[in-house]
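Remarks on the overall topology
The chain contents come next:
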Amino acid sequence: MNVALSPDLQTVTRVTHWTDRLFSFRVTRPKSLRFRSGEFVMIGLAGDNGKPILRAYSIASPAWDEELEFYSIKVPDGPLTSRLQHIEVGQPIILRPKPVGTLVHDALKPGKRLWFLATGTGFAPFASLLREPETWEKYDSVVMMHTCREVGELDYGRRLVEDLRDDPLIGEMIGDKLHYYPTTTREESPFMGRITDNLTSGKVFADLGLEGPLDPALDRAMVCGSLAFNKDVAAVLEGFGLEEGSNSAPADYVIEKAFVGDGV
């Protein structure tokens, strides 16, 4: 990659392969970059023709972190991830420092209980928001629902959640506010089922000992996953009376429509 051709280069500082399909990596952070936890940026690598191959990636690290973290799927024939999955520490990567996105606290009206609803690598923005002090300052309860096909695909999220209470910045703020609900749809695990089914059936409320169902006067939600997942969850949330919000018109729930999931 020709540094002269791309002024937006950062350096890979860590790479962790969680499964044969999932990996995370950290890169240096531009000194001028300011973002809200939950936002995404465009990152990429140079293609064979020298032109950058860029995709939208949610920043998995919180706004206060000195580095930037990303969580990605590996797609063998994906234009970007077929290359990105082989990156190593010290390698340059393109990062366009213009963060945007709807999975931010400003896009929601005040509430009491916040739901993070994710499938697969859609966990990434919530990895940022779970480590954001504002999350724990604003809500009495935070429910992290994460669904994958197999148990191993939950490892990145599980490890992060398990470490939250030991976090020197937010650990004491969490107390009994955090409710973690990891489920699988194929491999057997303690909790099974799709997020939509577990919400509509009331199973998640019963399993976690929470008061249900969802109440638009109290509950707020953020959604990140595949296009089909986002659409299905939106229908469920609206069935409970929640209304979709945005940066310009805050409401009860928000969806990250620009997130690139399977197929990047």
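Analysis parameters
Residues numbered from 1 in each chain as written. Predicted model: local features only at pLDDT ≥ 70, side-chain atom pairs only at ≥ 80, totals over all residues. Heavy atoms only, no water. Helix = DSSP H or I, 4+ residues; strand = E, 2+ residues; numbered from the N terminus. Buried < 20%, exposed > 50% of the residue type's maximum accessible area, 1.4 Å probe, protein only. Contact = heavy atoms within 4.5 Å. Pairing = 2+ DSSP bridges. Axes fitted to C-alpha atoms, helices over the stretch in contact; angles between N-to-C directions. pLDDT = per-residue confidence, 0-100. 1 Å grid on protein atoms, 1.4 Å probe; cavity = no way out; pocket = protein on both sides within 12 Å on 5 of 7 lines; lining within 4 Å. Points joined across faces, edges and corners; volume = space filled by probe spheres on them. Nonpolar A, V, L, I, M, F, W, Y, C, P; charged D, E, K, R; others polar. Expected span 1.5 Å × (residues − 1). Arc of directions from axis to C-beta. Core = buried A, V, L, I, M, F, W, Y, C linked by side-chain atoms within 4.5 Å.

1. Overview of the environment of S189
Along the chain, S189 turns up in the loop between β9 (178-184) and α6 (195-200). By relative accessible area, which is 13% here, S189 ends up buried. Sequence spacing of S189 and V151 is 38 residues, and the spatial spacing of their C-alpha atoms is 6.8 Å. For S189, the contacting residues outside a window of four places in its chain are V151 and T184.

2. Regarding the pairing of strand β4 (residues 52-58)
Within β4, five of the seven residues are buried, which leaves the element mostly enclosed by the surrounding structure. Sheet topology note: the strand β3 (residues 40-46)/β4 ladder contains seven bridges and is antiparallel. Across the sheet, residue A46 finds its bridge partner in β4, namely P52. Linkage of β3 to β4, two consecutive antiparallel strands, is achieved through a turn of five residues, within which G50 is found at a positive phi near 90°.

3. Overview of the sheet that holds β3
Across the sheet, six strands lie side by side as β4-β3-β6-β1-β2-β5; this open sheet has antiparallel pairing. Each having just a single partner strand, β4 and β5 (67-73) make up the two edges of the open sheet. Neighbouring strand axes in the sheet, compared pairwise and without regard to direction, differ in orientation by 35° on average.

4. Concerning the sheet that holds strand β7 (residues 113-119)
With respect to topology, five strands assemble into an open sheet ordered β9-β8-β7-β10-β11, the strand pairing being parallel. Each of the sheet's edge strands pairs with one partner strand only, and the pair in question is β9 and β11 (253-255). Direction aside, the axes of adjacent strands within the sheet are offset by 10° on average. Pairing between β7 and strand β8 (residues 141-148): seven bridges, direction parallel. Bridged to L114 within β8 is V142. Set on the sheet, helix α8 (residues 227-239) makes contact with β7, β10 (219-224) and β11; between it and β10 the angle comes to about 170°.

5. Quick word on the confidence of the model for the protein
Mean pLDDT over the protein works out to 92, with 95% of the residues at or above the 70 mark. Between residues 1-5, whose pLDDT stays under 50, and residues either more than four places distant or in other chains, the model counts six contacts. The low-confidence segment residues 260-264 (pLDDT under 50) makes eleven contacts with residues lying over four places distant or belonging to another chain.

6. Section: unusual backbone geometry
Across the junction of G212 and P213, the peptide omega takes the value 0°, indicating a cis bond. As for its placement among the helices and strands, P213 is situated in the loop between α7 (203-208) and β10.

7. Quick look at the layout of surface pockets
Approximately 420 Å³ is the volume found for the second largest pocket. Considering the residues around the second largest pocket, the lining is formed by 18 residues, among which R14, E69, R131, L160 and D163 are closest to the centre. At the level of secondary structure, the elements contributing two or more residues to the lining of the second largest pocket comprise β1 (9-17), β2 (22-28) and α4 (155-163). Tallying contributions element by element places α4 first for the lining of the second largest pocket, with four residues. Residue composition of the lining of the second largest pocket, grouped by class: eight nonpolar, two polar and eight charged.

8. As for α8
Compared with an ideal rise of 1.5 Å per residue, which puts 13 residues at 18 Å, α8 spans 18 Å between its outermost C-alpha atoms and is within 8% of the ideal. Turning to α8, its buried residues number three or more, namely F229, N230, V233, A234, V236 and L237. Buried residues along α8 cover an arc of 165° about the axis, so they all sit on one side. Facing away from the buried side of α8 by more than 90 degrees, the exposed set consists of L227, K231, A235 and G239. Here the buried face of α8 lies against β7, α6, β10 and β11.

9. As for the nonpolar core
By size, the foremost hydrophobic cluster in this structure holds 33 residues, and its most contacted members are F116, F123, F126, L130, M144 and M222. Within the residue set of this core, elements represented by two or more residues are β5, β7, α2 (124-129), β8, α4, β9 and β10. Broken down by element, this core gets its largest block of residues, four residues, from α2. Core analysis: the next-biggest nonpolar cluster, separate from the first, contains 22 residues, F205, L210, A221 and V233 among them.

10. Examining α4
Listing the buried residues of α4 in full gives Y156, G157, L160 and V161. Projected onto a plane normal to the axis of α4, the buried residues spread over an arc of 125° and lie on a single side. On its buried side, α4 packs onto β2, β5, α2 and β9.

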